Amino acid sequence: MMDVDKIRDETPGVGRVVHLNNCGAGLMPQPVLDAVIDHLRLEAEIGGYEAEDAAAGAVANTYDGLSRLLNCQRDEIAVVENATVAWDMAFYGLPLAQGDVVLTAVSEYASNYIAYLQRAARDGIQVRVVPNDNHGQTDVAALAEMIDDRVKLISITHAPTNGGLINPAAAIGRVARAAGVPYLLDACQSAGQMPLDVEAIGCDMLSATGRKYLRGPRGTGFLYVRAAMLERLDPPFLDLHAAVWQSPEHYEMLPNARRFENWENYVAGKIGLGVAVDYALEIGLDAIAARVQGLANDLRDRMAAVPGVIVRDLGQNKSGIISFSVGDVAPELVKESMAAAGINISTSSARSTMQDMYRRGITMMNRLGLHYYNTDAELDRFMTCLRGLRA
Ligand SMILES: *Cc1c(COP(=O)(O)O)cnc(C)c1O
């Protein structure tokens, strides 16, 4: 059993707000906050480089923690400034030429899709969107049928930014493996929210952020690259951290995924990310997923019972993200009314997941993301406010 009282005691933010915007950024627990602030203080007191040397063990701990989180090797991890840069280093690093096909999902995140469009214009690649099945999740049988020898990448978002959908990442991985096609998984919303095992999923590359369900500091992200994939990617840029200048005309890239990092980085954040990962592992990802999904499923039922409220989540098993509309009340106004009542939620526009939103004819909706530290009492407050909007 999860000790929610203890967890809340360790979460300073819960005394101030009902935080239901964990899909935007989770509330940092005290140990993460302390780790970041302590390191910043040390930098101020003894110097940034000297502080980094002194904290070498804590930095190494971040790679160890991430390798446990994902079930991979420490050398298969790069820590960078956000999930988008992590994803970009993999995507732009994959050699793709005229006529090569990338298969992606309906619910793909805007930044990823914009990158496909850039490489379509620049390199002549083709982007094909795998249709959804009856549950609204990526249709694995359709994906298998779309494989041919021009398909050079399967790139899918695990849990999209705009709702409770969880795509069948492992079933997609089996198709990718059978076809011998590299598989890039955007796990930005699933990291810290549910177990992620790169062997069970069968992905070759995975990107995620520190600040969402992992409850780490902002400005942190990470990339997993399977060792066997390392030499197949050509990092889109290199610096003196990613590569060693061996002789005037010669450099060598680092022998591991750190070739996707760069020199100057947010050391305090990197340390805080490691503490956040340890914190999640200590609670246990199975327990986290069970509680988050239990709370979210209950709340969806309660919300759907309010006349005029439409819960819009797709998929069979749903995540902690709930997308909804409140009659014809503008989503911005719903968000503001909630904020006035001390409740943090957000909005989600077609611009962040356009393929999906256009198909469903939605331009804007509300979104919230529950975490394990939320309580029934908080959700009662949310429901009271929601009903008030319909009164
Ligand atoms: C938030 C999000 C991202 C971007 O993460 P950053 O850390 O802001 O770069 C990518 N994909 C999905 C699905 C997201 O929800």
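From a predicted model like this one, the values you see are computed outputs, not experimental measurements.

**Digging into the packing of aromatic side chains**
Phase 1: This model, assessed by the stated rule, comprises eight aromatic pairs.
Phase 2: The interplanar angle of 40° and the centroid separation of 6.3 Å between the aromatic rings of Tyr49 and Trp263 together place this pair among those described as tilted. Highlighted residues: Tyr49 in helix H3 (residues 48–54) and Trp263 in the loop between strand S10 (250–253) and helix H10 (267–283), separated in sequence by 214 residues.
Phase 3: For Tyr49, a relative accessible area of 53% corresponds to the exposed category.
Phase 4: Ring centres 5.5 Å apart and planes at 75° place the aromatic pair Tyr113 and Tyr116 in the edge-to-face group. Residue Tyr113 and its partner Tyr116 are located together in helix H6 (residues 110–123), separated by three residues, close to a single helical turn.
Phase 5: The class of Tyr116 is buried, set by a relative accessible area of 0%.

**Remarks on the state of the cysteines**
Phase 1: Considering all chains together, one arrives at zero disulfides under this definition.
Phase 2: With no disulfide partner, Cys72 has as its closest neighbouring cysteine sulfur the one in Cys203, 9.2 Å distant.
Phase 3: Residue classification places Cys203 among the buried residues on the basis of a relative accessible area of 0%.

**Considerations on the site of the ligand**
Phase 1: The environment of the ligand is made up of Asn82, Ala83, Thr84, Tyr109, Thr157, Thr161, Asp186, Cys188, Gln189, Thr209, Arg211 and Lys212.
Phase 2: Interatomic distance of 2.5 Å between a side-chain N/O atom of Thr84 and an oxygen atom of the ligand.
Phase 3: Between a nitrogen atom of the ligand and a side-chain N or O atom of Asp186, the distance comes to 2.7 Å.
Phase 4: For the ligand, whose accessible area on its own is 390 Å², the fraction buried by protein is 91%.
Phase 5: Residues belonging to the shell around the ligand are distributed by class as follows: three nonpolar, six polar and three charged.

**Thoughts on the environment of Asn344**
Phase 1: If you trace the backbone, Asn344 turns up in strand S13 (residues 343–344).
Phase 2: Spatially, the C-alpha atom of Asn344 lies 5.0 Å from that of His19, the residues being 325 residues apart in sequence.
Phase 3: Here Asn344 is in contact with Val17, Val18, His19, Leu20 and Asn21, once residues within four sequence places are set aside.

**Overview of the domain arrangement of the protein**
Phase 1: For the protein, the domain assignment lists domain 1 (4–20 + 284–390) and domain 2 (31–282).
Phase 2: Here domain 1 and domain 2 have C-alpha centroids that lie 26 Å from each other.
Phase 3: The interface of domain 1 with domain 2 comprises 38 residues on the first partner and 31 residues on the second.
Phase 4: Sorting the residues of domain 1 by area buried against domain 2 places Leu285, Ile321 and Gln355 first, and these three jointly supply 21% of that buried surface.
Phase 5: The tally of links from domain 1 across to domain 2 stands at 21 residue pairs in polar contact (both at pLDDT 80 or more).
Phase 6: Put simply, the parts of the chain that give the side of domain 1 that touches domain 2 at least two residues each are helix H11 (285–304), strand S12 (321–326), helix H13 (354–360) and strand S15 (364–369).
Phase 7: Considering every element that reaches the side of domain 1 that touches domain 2, the biggest residue donor is H11, with seven residues.

**A short note on the environment of Trp263**
Phase 1: What makes Trp263 partly exposed here is its relative accessible area of 42%.
Phase 2: Among the polar contacts listed, one links the side chain of Trp263 to the side chain of Tyr49, at a separation of 3.5 Å.

**Overview of the sheet that holds strand S5 (residues 151–157)**
Phase 1: Strand order in the open sheet formed by seven strands is S2-S8-S7-S6-S5-S3-S4, with mixed pairing between adjacent strands. Looking along the sheet, the strands with just one partner apiece sit at the ends: strand S2 (77–80) and strand S4 (126–130). For this sheet the average axis-to-axis angle between neighbouring strands, irrespective of direction, equals 20°.
Phase 2: Sheet topology note: the strand S6 (residues 183–186)/strand S7 (residues 205–209) ladder contains three bridges and is parallel. Its bridge partner lying in S7, Asp186 is registered against Ser207.
Phase 3: Relative to S7, helix H5 (residues 83–91) is tilted by about 165°, and along the sheet it contacts S2, strand S3 (101–105), S5, S6, S7 and strand S8 (221–225).
Phase 4: Of the strands in this sheet, S5 and S6 are in contact with helix H8 (residues 169–179), which crosses S6 at around 165°.

Rules used in this analysis
- The residue numbers shown here count from 1 along each chain, following its written sequence.
- The predicted nature of this model means local features are confined to residues of pLDDT at least 70 and side-chain atom pairs, given and counted, to a pLDDT of 80 or more, with totals for whole chains, interfaces and linings taken over all residues.
- Just so you know, side-chain values use all the structure's heavy atoms and leave hydrogens and water out.
- Aromatic pairs are defined between Phe, Tyr and Trp rings, using the six-membered ring for Trp, whenever the two ring centres lie within 6.5 Å; interplanar angles under 30 degrees are classed as stacked, those over 60 as edge-to-face, and all others as tilted.
- Only DSSP runs of H or I with at least four residues qualify as helices, and only runs of E with at least two residues qualify as strands; both kinds are numbered from the N terminus onward.
- We call a residue buried when its accessible area falls under 20% of the maximum for its residue type, exposed when it is over 50%, and partly exposed in between, using a 1.4 Å probe and counting protein chains only.
- We call a pair of cysteine sulfur atoms a disulfide when they lie within 2.5 Å.
- The criterion for a residue being near a molecule or strand is simple. One of its heavy atoms has to lie within 4 Å of it.
- N or O atoms closer than or at 3.5 Å make up a polar contact, with two conditions inside protein: a donor-capable atom paired with an acceptor-capable one, and, for residues adjacent in sequence, both atoms drawn from side chains.
- Residue-level accessible areas treat just the shown protein chains as cover; the underlying method is Shrake-Rupley with a 1.4 Å probe.
- Under the scheme applied, nonpolar residues are Ala, Val, Leu, Ile, Met, Phe, Trp, Tyr, Cys and Pro; charged residues are Asp, Glu, Lys and Arg; polar residues are all the others, including Gly.
- Whether two residues are in contact is decided by their heavy atoms, any of which lying within 4.5 Å being enough.
- Each domain's limits were defined by an automated method or a database of domain assignments.
- Two parts placed together each lose some accessible area under a 1.4 Å probe, and the buried area is that loss summed for both.
- Two strands make a pair as long as DSSP finds a minimum of two bridges between them.
- Only the stretch in contact is used when fitting a helix axis, every axis being a line fitted to C-alpha atoms; angles between N-to-C directions are given from 0 to 180 degrees.

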